[in-house]
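# Topology and contacts: notes
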Amino acid sequence: APSVWSDSQTIQWTDASNARPYSFFYSSDFSTYQNIISNVVGTSQPWDTNSVVDGTYKVKVTNSLSEFAISDTFTVDNTAPIVIAPANITQEATGPFTTVVLGTASATDNLGPVPVVTDDAAINFPSGFPVGIHTVTYTATDWAGNVGTATQTVTVTDLTAPVIAPHGDENVFAASRTLVDRLSAGESRDIYFTWPTPFAAAPAVVTILPRLSAFRP
């Protein structure tokens, strides 16, 4: 079966005639061969496949006696997959860590099968996403080892006001206060509860705490 080459490769051959030097060629149509290098005295030669476009090739080595050997077909693939991340997400927090449905990423590749896409959310956010802006990286590796990535931004907001819960059988208390310095005998004063908004009905229980001062009678 054809092999896949990526980046720099080393071509090796044997020669019973030992007729050095050698010349090295490549072809994409398997009939016309382009010279890469000549006067090679060893029996191996590195070749940077980035010098050719992605595709299917054969290589040929010739010796000084015009004898030659041609390789099997192989595929050059130096192009990384294209990864498409899901759309960015903004979600309101549900607690210290929020579960977010990220969506599905996809990838395409110019050669070979469609690569599998993975993400780093499970590693970086195993318990969910805290409040803030976070980046999820999606990665796909093709059959030649080329790596493509894409990112998604996950924003977890906290725009919900806190809720004051009742204490036992009592009603919710108000955090505001009205200060009354002095009340003479028989005098009355209205007290208004105004936080966070005025109550729709009068509170069932009002607790009045005296303001004590060591400097007042």
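Here we summarise the structure given alongside this text. This is a predicted model, so every value here is computed, not measured.

Of regular secondary structure, the chain possesses 1 helix and 14 strands. Evaluated residue by residue, the chain yields a buried proportion of 29% over its 217 residues. Sequence separation of at least 24 residues holds for 57% of the intrachain contacts in the chain that already meet a minimum separation of 6. Of the roughly 14700 Å² that the chain leaves accessible, carbon and sulfur atoms contribute 55%.

Looking now at the pairing of strand β4 (residues 34–40). Looking at chain direction, strand β3 (residues 22–27) and β4 are connected through 4 bridges and run antiparallel. Its bridge partner lying in β4, Tyr26 is registered against Gln34. A loop of 6 residues connects β3 with β4, the two strands running antiparallel in sequence, and Phe30 in this loop sits at a positive phi of about 65 degrees.

So, about the side chain of Thr49. Within the fold, Thr49 resides in the loop between β5 (44–48) and β6 (55–62). Residue classification places Thr49 among the buried positions, given a relative accessible area of 0%. In this view, Thr49 contacts Trp5, Ser6, Asp7, Ser8, Gln9, Val76 and Asn78; residues no more than four positions away in its chain are not counted.

We now examine the packing of aromatic side chains. Pairs of aromatic rings are described using the distance from one ring centre to the other and the angle between the two planes. As enumerated under the stated definition, the model contains 7 aromatic pairs in all. Between Trp13 and Tyr22, the ring centres sit 5.5 Å apart and the planes meet at 70 degrees, which makes this aromatic pair edge-to-face. Here Trp13 matches Tyr22 in class, with each residue buried. Seen from the ring of Phe25, Lys60 lies directly overhead, with NZ or CZ sitting 5.6 Å from the centre.

Looking now at the sheet that holds strand β12 (residues 117–119). Pairing in this open sheet of 4 strands is mixed, and the strands run β10-β14-β13-β12 from one edge to the other. Strand pairing shows two members of the sheet lacking a second neighbour, β10 (89–92) and β12, which therefore form its edges. Within this sheet the neighbouring strands show an average axis-to-axis angle of 25 degrees, counted without direction. As judged from the 10 bridges shared by strand β13 (residues 132–141) and strand β14 (residues 147–157), these two strands associate in the antiparallel manner. Bridge assignment links Gly132 to a residue of β14, and that residue is Val156.

With that out of the way, let us pick up the side chain of Asn63. With respect to the helices, strands and loops of the structure, Asn63 is situated in the loop between β6 and β7 (68–70). The exposure class assigned to Asn63 is buried, which follows from its relative accessible area of 10%. Only 3.0 Å separates the side chain of Asn63 from the backbone nitrogen of Leu65, close enough to count as a polar contact. Aside from chain neighbours lying at most four places away, what touches Asn63 is Asp15, Ser17, Ala19, Pro21 and Tyr22.

In terms of nonpolar packing, the biggest core is built from 17 residues, with Val100, Leu102, Phe129, Val136, Tyr138 and Val154 touching the most fellow members. Where this core is concerned, the elements lending two or more residues are β13 and β14. With residues near it in sequence (within four places) discarded, Leu102 still touches Pro86, Ile89, Ala121, Phe129, Val136, Tyr138, Gln152 and Val154. Grouped together as the second largest cluster of nonpolar side chains are 13 residues, Trp47, Val52, Val59 and Phe74 included.

Reading guide: rules and limits
- Along each chain, residue indices are assigned from 1 in the same order as the chain's sequence is written.
- Predicted model: local features are reported for residues with pLDDT of at least 70 only, side-chain atom pairs are reported and counted for 80 or more only, and whole-chain, interface and lining totals are derived from all residues.
- The basis for every side-chain value is the complete set of non-hydrogen atoms in the structure, without hydrogens or water.
- Elements are defined by DSSP. Helices are runs of H or I of four residues or more, strands are runs of E of two residues or more, and each kind is numbered from the N terminus.
- Three labels apply to residues, based on accessible area from a 1.4 Å probe with only protein chains included: buried if under 20% of the type maximum, exposed if over 50%, partly exposed otherwise in between.
- Contacts are residue-level and defined by heavy atoms, with any inter-residue pair within 4.5 Å sufficient.
- Computed with a 1.4 Å probe, the accessible areas rest on the Shrake-Rupley method; for each residue, only the protein chains presented here act as cover.
- Two strands pair if DSSP finds at least two bridges between them.
- Working definition: rings of Phe, Tyr and Trp (its six-membered ring) pair if their centres are within 6.5 Å, and the pair is stacked with planes under 30 degrees apart, edge-to-face with planes over 60 apart, and tilted otherwise.
- In this scheme, Lys NZ or Arg CZ marks a charge over a ring once it lies within 6 Å of the ring centre and within 35 degrees of the ring normal.
- A fitted line through C-alpha atoms serves as each axis, taken over the contacting stretch for helices, and the angle formed by two N-to-C directions is quoted from 0 to 180°.
- In the analysis that follows, any N or O atom pair within 3.5 Å is treated as a polar contact, provided that within protein one partner can donate a hydrogen and the other can accept it, and provided that, for residues neighboring in sequence, both atoms belong to side chains.
- Only buried residues count toward a nonpolar core. Its members are Ala, Val, Leu, Ile, Met, Phe, Trp, Tyr and Cys residues joined through side-chain atoms within 4.5 Å.

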